[in-house]
Amino acid sequence: MSGIYAHGTRLAPAVPGTVDKPSERPAWFWLMLWCLFVLGVQPWSSRVASPQGTTGSTNSLAKGLLLGAVFLVALAATKPGFRTRVNPASWLYVMYVLFACATAFLLAEPMGPLTRLARFLIGLVFLFLLWRPLVQVPERLVRAHLWAHLLLGATVVLSLAYSPSQAWRPLRSLGTGYRLQGVIIPMLPPRVGEVGAILLGLALIGLVCRKLSTLPAVTLIGLGGVLIAASRTRTSAAALAFGLLLALILTRKTWAGRIASFAFPAVLGLAFLMIGSLHNWLLRGQGTQQISSLSGRTTSWHAVLDEKVSIQTAIIGHGLGNKRVLLRRGEGDIDVMAIDNSWLGLYWETGLLAVAIVAIALIVAWVSVVRAPTPYVRACGALLLGYVTAASLNESGLSDLSSMTVHLLVAAAICDADRIRHRKRALEAQPAH
């Protein structure tokens, strides 16, 4: 008799007479659902249409309807008595959502945060529903994630033909030149750079591990590189290099190979310093002060750290969705700035306890990556988690159902599933007594 499992424990009784067979739905069906899900977690920004618009995501209703529709279709396509597995990192995120729900009721207007948390919980349950069709065989989920980012990258390229004037965003306050952004799906340059980084990284690992043939892999690598370069996103480039370095180190079988892996960032750093065009791309026309302040990010970081708050606020935060700080000088307000740091954003929104929960989830996910027995799966997990670890220092996202949170959950899921698969094969290989 089949049932719903988490860590090998039955959570609900199965429907009598059901047999736990692989899903009868074709592979493209689940691939399409995953692509729509990844599309729904992208921050569709209002600043694409208006460079002077407010920071943040818009079209929340459209994204909510898309996510809800994808979830209902996946639920309808899942047979009663299905099996699932909830990996430890996902359990911790469930704990985070429940904790944030409890703190939301202490706010004067809790409906906004509760709506976002309901969206987050739907995303987690959606991932649980995909255990058999996608997650149980980790390579399927990796392939689906690669396809999702290929489609996102294709929409950015099509934006150049659809509206070239909007697709190129001027660097007014940062220097000279332009940055590529999405128009068909409104994405700011940092998101375009992230799409390119994940596309390039997964395609490169697929090529090295012989999961992709040469021509498609080179095409995807080229597209990812163009998106990173045209968006002029330094965070994505640095996070990608960090993720690839960790993937290389964790898949080397000898210590000599792991030590030799450190030559990769050294060569990359020398290229940026010695090649003039790369050096200009890195500086982006900014002066020393802008570079040292990380394009002004450190101003809001200091404001968060210097703010004197009560013990209760330090533990539970200011409320989910409060991602910006109001900077004051004397008697007048001078600016409202985004925090742009996942860990400080977590602290500001949901407090120190939430920071601890998400940090443990990240650590547990890294443990799953290190323990993954298949080199290809381990490399993909290291790339995704390495990207999240590096980018979280310069971008927000881990407090919400964002693209970075999805990368973390995918890395944890594929590596956990790979270990379960390896253990099952080892048991099957043992001779019967």
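Since this is a predicted model, take the numbers as computed values, not measurements.

Thoughts on the pattern of salt bridges
Now for step 1: Here the structure, examined in full by the defined rule, presents seven salt bridges.
Now for step 2: The salt bridge involving Glu139 is made with Arg421; its shortest N-O contact spans 3.0 Å. Within this pair, whereas Glu139 is found in helix H6 (residues 138–162), its partner Arg421 is found in helix H19 (residues 403–429), the two being separated by 282 residues in sequence.
Now for step 3: A residue is classified by how much of its surface remains accessible, and Glu139, at 15% relative accessible area, is buried.
Now for step 4: Of the charged contacts, one joins Arg191 and Glu194 as a salt bridge, the two residues approaching to 2.8 Å between their closest N and O atoms. Of this pair, Arg191 and Glu194 both sit in helix H8 (residues 189–208), three residues apart, which is roughly one turn of the helix.

Focus on the nonpolar core
The nonpolar side chains of a soluble globular protein tend to be buried, and buried together.
Now for step 1: By size, the foremost hydrophobic cluster in this structure holds 114 residues, and its most contacted members are Trp34, Phe37, Tyr93, Tyr96, Phe126, Leu398 and Leu408.
Now for step 2: The dominant element in this core, judged by the number of residues it contributes, is helix H17 (residues 342–371), at 14 residues.
Now for step 3: Contacts of Tyr96, omitting those with residues within four sequence positions, involve Phe120, Leu320, Leu346, Thr350, Ala354, Ile357, Val358 and Ser399.

Some details on the environment of His318
Now for step 1: You can see His318 is positioned in the loop between helix H16 (311–316) and strand E5 (324–329).
Now for step 2: Look at His318 and you get partly exposed, because its relative accessible area is 27%.
Now for step 3: Placed 32 residues apart in sequence, His318 and Thr350 show a C-alpha to C-alpha distance of 6.4 Å.
Now for step 4: In contact with His318, other than residues within four places in its own chain, are Leu107, Val309, Thr313, Trp348 and Glu349.

Rules used in this analysis
Residues numbered from 1 in each chain as written. Predicted model: local features only at pLDDT ≥ 70, side-chain atom pairs only at ≥ 80, totals over all residues. Heavy atoms only, no water. Salt bridge = Lys/Arg side-chain N within 4 Å of Asp/Glu carboxyl O. Helix = DSSP H or I, 4+ residues; strand = E, 2+ residues; numbered from the N terminus. Buried < 20%, exposed > 50% of the residue type's maximum accessible area, 1.4 Å probe, protein only. Core = buried A, V, L, I, M, F, W, Y, C linked by side-chain atoms within 4.5 Å. Contact = heavy atoms within 4.5 Å.

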